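Per-entry structural report
Below, each chain spelled out in residue letters.
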Amino acid sequence: MKSSTLKAAAIGLFASAFIMGCEDNHAEEAGERIDEAVTDVQNKVEDTCEEVKEGVNAEETNC
């Protein structure tokens, strides 16, 4: 089941990238928005990790 879901997601991703590539500059803008979203999520995960470590008085608070 995981395999078919993963295949469907991959096909959808490539199809949407192909369709967006046919339009002017939309693929680049979409890529930039995805990069920004990934960076935001990474920062939130790191902040949460540091808060948890501070909450348990860990010696090392960096994640």
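The rules we used
- Residues numbered from 1 in each chain as written.
- Predicted model: local features only at pLDDT ≥ 70, side-chain atom pairs only at ≥ 80, totals over all residues.
- Heavy atoms only, no water.
- Helix = DSSP H or I, 4+ residues; strand = E, 2+ residues; numbered from the N terminus.
- Areas by Shrake-Rupley, 256 points an atom, 1.4 Å probe, with all protein chains shown as cover.
- Disulfide = S-S within 2.5 Å.
- Buried < 20%, exposed > 50% of the residue type's maximum accessible area, 1.4 Å probe, protein only.
- Patch = residues over 30% accessible without salt bridge, like charges linked within 9 Å, V, L, I, M, F, W, Y side chains within 5 Å.
- Salt bridge = Lys/Arg side-chain N within 4 Å of Asp/Glu carboxyl O.
- Lys, Arg positive; Asp, Glu negative; His and termini not counted.
- Charge placed at Lys NZ, Arg CZ, Asp CG, Glu CD.
- Expected span 1.5 Å × (residues − 1).

**Regarding the overall build of the protein**
Scanning the protein from terminus to terminus reveals 2 helices and 0 strands. About 5600 Å² of surface is accessible on the protein, with carbon and sulfur atoms providing 59% of the total.

**Some remarks on the state of the cysteines**
Scanning the entire structure with this criterion turns up 1 disulfide. Covalently, Cys49 is tied to Cys63 through a disulfide, its sulfur atoms 1.9 Å apart. The sign of the S-S torsion, about -90 degrees, decides the handedness of the disulfide formed by Cys49 and Cys63: left-handed. With a gap of 14 residues between them, Cys49 in helix H2 (residues 26–55) and Cys63 in the segment after H2 connect regions that are remote in the sequence. Looking at Cys49, the relative accessible area reads 29%, which means it is partly exposed.

**Observations concerning a negative patch on the surface**
A cluster of like negative charges, contributed by Glu28, Glu29, Glu32, Asp35, Glu36 and Asp40, occupies part of the molecular surface. Relative to the helices and strands, Asp40 resides in helix H2.

**Observations concerning H2**
Compared with an ideal rise of 1.5 Å per residue, which puts 30 residues at 44 Å, H2 spans 43 Å between its outermost C-alpha atoms and is within 8% of the ideal. The positive-phi residue at the C-terminal boundary of H2 is Asn57, with phi of around 55 degrees.

**So, unusual backbone geometry**
Look at Asn57: it is not a glycine, yet its phi comes out positive at around 55 degrees. You can see Asn57 is positioned in the segment after H2. Asn57 gets classed as exposed once you look at its relative accessible area, which sits at 68%.

Nothing here speaks to function; it is geometry throughout.
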